[in-house]
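# Fold and contact review
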Amino acid sequence: ITTRYIILSIMAKAPKILKRSESKGEEEHDDGTANSRDEGINVALSWFLHNNCTSNVQLATLSNVCRGWRKIATDAVASEALELANDDNVSEQSSTLRTLLVTDMARGLVIRQKGPAEDNNTDGSFCLAWFAPSGIQLTSISLEDDDDDGNDDGAHVVSITKTTKSNSSSKKVTCCNEWRGYTHASEVLIPMGFATSFVHGVFDATSKLAFGEDTSPMATSSSSLSPSTSSSSTQNNSPSHEYNTTFSVRGASLARPEGFCLCLDGDYIEHTHSSNFQKPPHASTETTPSNVDDWMVEYLDDPSLVEDAGLSSTQRAKKQRDLGRILLPRVIMSTRRKYPLLHRFADTDDDRKLTQPSNGNKLPRLDQINSRGSPHKHLPFEKRQRSVQFLNPDRSQAVRMITPKFDCGPVDGPITAFVVAVSTEDGCFFSGRSCRYEFGHMYPTSSRDMQNDMSPICIATGKNTEGKQDKSRTKPMPSRSFDSSSEDDVDSSFSDQSMHCLCKFDSGDPFQPRDPSVDDTTEDCTYRGRMGPGLWHCYTAVFDGQNSIIRVDGSNEPAQTREDFDDEDDIDDADKVCNASKYVGSGSLDGLTIGSDHQFDMSLCYGEIEGESGQGAIAELAIFKGRMEQDDIEQVEKHLMEKHGILSAREKVDYITKENSNRSKPINIESHWQEDEWTRQAHALIDQRPPWKLVSEPIPLRVLANHPTVVWQRVSQITGVPMRIARIGARKSNGSSDW
């Protein structure tokens, strides 16, 4: 009651302060307080900040009321950050401000300004990584073989612009050779509602408290405070090996396709020849080459080209292009229509007349889509964003991206993750670098979902019950040793360890098999929601044992367990339903594998060999250490859904309810889960095999008619581009009937 009274009192006084300042033109004192009449309010505000401000959204709201309140909030955060920086072993949290992101950033800034000492404190809450669409680096890959005549100068070139025939153009595909994440404080905090001036003020005040009034902290930290995006043209000019983490983003800021690491870059190769080059930390524990050329020769088709002097610039460029055709993921634009059901209100002429807005703007029909997947007219909230599809340029195989091991070291749970992605069937959005920390559509709850590869959204981690990680770490199979001196050794001799690269990515051979002895996940390390794959969503997960949660489009997912065994007395305790999710988040997260699990056993895409299955994509990914408050989670979700044109679950229901009032034949949907359940059941009914014993509740015909085998008009669920389909009666062509 006292806390509520203080909050109401503070909020009630805020308009009066602003009104009084505007009418009388009162100026604030140098110390930032309003005047002596408001001293009681300032004391109450300070008490609330230190004792009840538990979320970043609350702090942002209070700091945006007026300049006086902003000054009080700035001083409170700066004092707590400085105390944390001077004593990392503080176990008793005397202030709730210590759990907030901006406080940890200010603490990290002071530590970095003091000297080169590493910040290995992984307590509290901070941003581990945030990969946004603006950070996707583009390159052009030609699918046709080029004629290498030695004309290449050895620069960092992946794109192939030459054509093999004068009368035909080379077919090119836009791919991603690198994904740069956020590094600036403003990029992470502005989605929470913070003002840039407040963020700069906190860092400035913290530095002055630590080093005195004459300190100019902005000169030493401006690279991490700029409000401009980290993927802007000015930031893209920096070499990849110099694009490092900051006190604002402490885990990873760079992701690359596995096997396409920094060792392929000309500027990094020059850096390895400099006097100040130091081998990465994994060189002391893993087998690494003596130089980059030894690492690059592993993929050359003709090892005889290698001489003692190393690879030529032409050989390096050719290797880079060849690997680009195999390892680089495709870049696409996400579809505007991330929830196609909303457009079904304009599918019939009668209903179109009733649903047209008064301004004359018509809703688009399904066939009113151009060849690039953009409707001629679209709903106001619909947006497209650049995304990474984890298929190689010719769609022949799945690929994945990896980050270096976290600069802050492995972190323990809880972990909060946000993903804007789509999966057309079972697949993993991301996992740990070398340990299981999975988030995706995996581990079905029923035989129906297992048959159709349409599992509910799920999180799963390794188990750590006594401070020791379980056996979920990657153990690569032995590969060819670089020390082999004869051709027989090259073909048949294997070293005890896989060769790792000579950069911070610690990349191994992406083509070699993984350790098949890694244990499968158990029920006590798994937490499942209800929503299945098929559409673009904003996914949220908190890895926190039996307090874990999964949210889809701003709505909490009901927890599910797999179907009960006939006799639970005969199974291990780890797989009993009563122990579900007990150890979720107990393992360590040491880096990120994006587009697949850490073993590459459950990729988000499957390649052309599987037909049209497994064509998932990821548009944005953000990972935070700690369990974020509900207010912060909702604020980040709101930011992501507005950015990518996704309606929340509540907004979808409200939209359908409003449009149903104008329809002669309304569409009846009990909840947003009902449509998903009908879709999965429709796939099961149509795809079922003999003896056809599947029993189902009634399903609307409109849902069954959208199955890929019977639909008459179809667009990609990922890009929105119209797809050519085989007509009824057509055996091989996609034209009219053959009979």
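Note that the coordinates shown come from a computational prediction; the quantities given were computed from them, not determined experimentally. (Residues numbered from 1 in each chain as written. Predicted model: local features only at pLDDT ≥ 70, side-chain atom pairs only at ≥ 80, totals over all residues. Heavy atoms only, no water.)

## Points about the overall build of the protein chain
For clarity, the threshold we go by: Helical segments are the DSSP runs of H or I of at least four residues, strand segments are the runs of E of at least two, and each set is numbered from the N terminus. A 1.4 Å probe rolled over the protein chains alone gives each residue an accessible area, and that area as a share of the maximum for its type sets the label: buried under 20%, exposed over 50%, partly exposed in between. The contact criterion used is simple: two residues touch if any of their non-hydrogen atoms lie within 4.5 Å. Accessible surface area values rest on a Shrake-Rupley calculation with a 1.4 Å probe, where residue burial reflects the displayed protein chains alone.
Secondary structure summary: the protein chain contains 19 helices and 21 strands in total. Put simply, the protein chain has 739 residues, and 52% of those count as buried. Contacts spanning at least 24 positions in sequence make up 75% of the contacts within the protein chain whose residues lie at least 6 apart. Of the roughly 34,200 Å² of accessible surface on the protein chain, a fraction of 48% belongs to carbon and sulfur atoms.

## Concerning the side chain of Ser716
Rule in force here: Throughout this description, a polar contact denotes any pair of N or O atoms lying within 3.5 Å of each other; where both atoms belong to protein, one of them has to be capable of donating a hydrogen while the other can accept it, and for residues adjacent in sequence the pair is counted only when both atoms sit in side chains.
Looking at the secondary structure, you find Ser716 in the loop between strand S20 (714–715) and strand S21 (722–723). Only 3.2 Å separates the side chain of Ser716 from the backbone nitrogen of Ile718, close enough to count as a polar contact. Excluding residues within four positions of it along the chain, Ser716 makes contact with Val721 and Met723.

## Remarks on the environment of Ala185
As for its placement among the helices and strands, Ala185 is situated in helix H6 (residues 185–189). A residue is classified by how much of its surface remains accessible, and Ala185, at 0% relative accessible area, is buried. Distance in space between the C-alpha atoms of Ala185 and Met105 is 7.6 Å, their sequence separation being 80 residues.

## Notes on unusual backbone geometry
The omega torsion of the bond from Gly413 to Pro414 falls at 5°, within 30 degrees of zero and hence cis. Mapped onto the secondary structure, Pro414 falls in the loop between strand S8 (411–412) and strand S9 (415–422). We note that Tyr443 has phi near 55°; this positive angle belongs to a residue other than glycine. As for its position among the elements, Tyr443 is in the loop between strand S11 (437–441) and helix H14 (447–452). For Ser581, which is not glycine, the phi dihedral falls at a positive 65°. Inspection of the secondary structure puts Ser581 in the loop between strand S16 (555–556) and strand S17 (588–589).

## Overview of empty space enclosed by the protein
Note the following rule: Cavities and pockets were defined on a 1 Å grid built from protein atoms only: a cavity is a group of points that admits a 1.4 Å probe but offers it no way out, a pocket is an open group of points flanked by protein on both sides within 12 Å along at least five of seven lines, and a lining residue is one with an atom within 4 Å of any such point. Grid points are joined across faces, edges and corners, and a volume is the space filled by probe spheres set on the points. Under the scheme applied, nonpolar residues are Ala, Val, Leu, Ile, Met, Phe, Trp, Tyr, Cys and Pro; charged residues are Asp, Glu, Lys and Arg; polar residues are all the others, including Gly.
One pass over the full model with this rule turns up five cavities of 30 Å³ or more. By volume, the largest cavity is sized at about 80 Å³. Lining the largest cavity are twelve residues, with Lys338, Tyr339, Phe381, Gly645 and Leu647 sitting closest to its centre. Partitioning the lining of the largest cavity into residue classes produces six nonpolar, two polar and four charged.

## A short note on the nonpolar core
Here is the rule we go by: Here the nonpolar core consists of buried residues drawn from Ala, Val, Leu, Ile, Met, Phe, Trp, Tyr and Cys, with membership extended through side-chain atoms lying within 4.5 Å.
Core analysis: the largest hydrophobic core is formed by 57 residues, its most contacted members being Leu49, Leu59, Trp130, Phe194, Phe203 and Phe624. No other element matches helix H4 (residues 67–86), which puts six residues into this core. Judged by nonpolar contacts, the second largest core, of 45 residues, contains Phe126, Phe131, Ala255 and Ile618.

## Things to note about the packing of aromatic side chains
Selection rule: Pairing of aromatic rings covers Phe, Tyr and Trp, the last counted by its six-membered ring, and requires centre-to-centre distances within 6.5 Å; plane angles under 30 degrees mean stacked, over 60 mean edge-to-face, and any other angle means tilted.
Taken as a whole and assessed by the stated rule, the structure comprises 13 aromatic pairs. Ring geometry for Trp130 versus Tyr182: centroids 5.4 Å apart, planes at 40°, classification tilted. Residue Trp130 is located in strand S1 (residues 126–131), and its partner Tyr182 is located in the loop between strand S3 (172–180) and H6; the two are separated by 52 residues in the primary sequence. Looking at Trp130, the relative accessible area reads 1%, which means it is buried. Among the residues examined, Tyr182 registers a relative accessible area of 8% and is labelled buried.

## Things to note about the environment of Gly181
Take Gly181: it is sitting in the loop between S3 and H6. Residue Gly181 is classed as buried on the basis of its relative accessible area of 0%. Separated by 72 residues in the primary sequence, Gly181 and Ser253 have C-alpha atoms spaced 4.6 Å apart.

## Considering the pattern of salt bridges
For clarity, the cut-off: The term salt bridge refers to a pairing of a side-chain nitrogen on Lys or Arg with a carboxyl oxygen on Asp or Glu at a separation within 4 Å.
On inspection of all chains with the given rule, the structure shows 26 salt bridges. For the salt bridge of Asp322 with Lys318, the shortest nitrogen-to-oxygen distance reads 2.8 Å. Here Asp322 pairs with Lys318, and both are found in helix H12 (residues 313–327), just four residues apart, close to one helical turn. By relative accessible area, Lys318 is classed as partly exposed at 32%.

## Quick look at the packing of helix H3 (residues 56–63) against helix H16 (residues 630–644)
Test applied: The angle between two axes is taken between their N-to-C directions and runs from 0 to 180 degrees, where each axis is a line fitted to C-alpha atoms and a helix contributes only its stretch in contact. Working definition: roughly parallel below 35 degrees, roughly antiparallel above 145 degrees, roughly perpendicular at 65 to 115 degrees, and oblique for all remaining angles.
Look at H3 against H16: their axes get within 7 Å of each other, and the N-to-C directions meet at 80°. Taken together, the axes of H3 and H16 lie roughly perpendicular to each other. Residues Asn56, Val57 and Gln58 of H3 pack against Asp631, Asp632 and Gln635 of H16. Considering only residue class, the contact of H3 with H16 consists of one nonpolar, three polar and two charged.

## What to know about the confidence of the model for the protein chain
This is how it is decided: Known as pLDDT, the predictor's confidence for each residue is given on a scale from 0 to 100.
Here the protein chain shows a mean pLDDT of 76. Residues at 70 or above account for 70%. Across residues 24–34, where pLDDT falls below 50, the model places 18 contacts with residues more than four positions away in sequence or in other chains.

## Topic: the pairing of S3
For clarity, the threshold we go by: At least two bridges found by DSSP between two strands are what make those strands a pair.
Burial analysis of S3 places seven of its nine residues in the buried class, which makes it a mostly covered element. The pairing of S3 with strand S4 (residues 254–257) spans two bridges and is classified as antiparallel. Bridged to Trp179 within S4 is Ala255.

## With respect to helix H17 (residues 649–660)
The cut-off we apply is this: Here the expected span of a helix is defined as 1.5 Å times the quantity of residues minus one. Working note: the arc is built from the helix axis to C-beta atom directions.
Its twelve residues give H17 an end-to-end C-alpha distance of 17 Å, which sits within 8% of 16 Å, the value for a rise of 1.5 Å per residue. Among the residues making up H17, those that are buried are Ala649, Lys652, Tyr655, Ile656, Glu659 and Asn660. Buried residues of H17 fall within an arc of 130° about the axis and therefore sit on the same side. With respect to the buried face of H17, the exposed residues turned more than 90 degrees away are Arg650 and Lys658.

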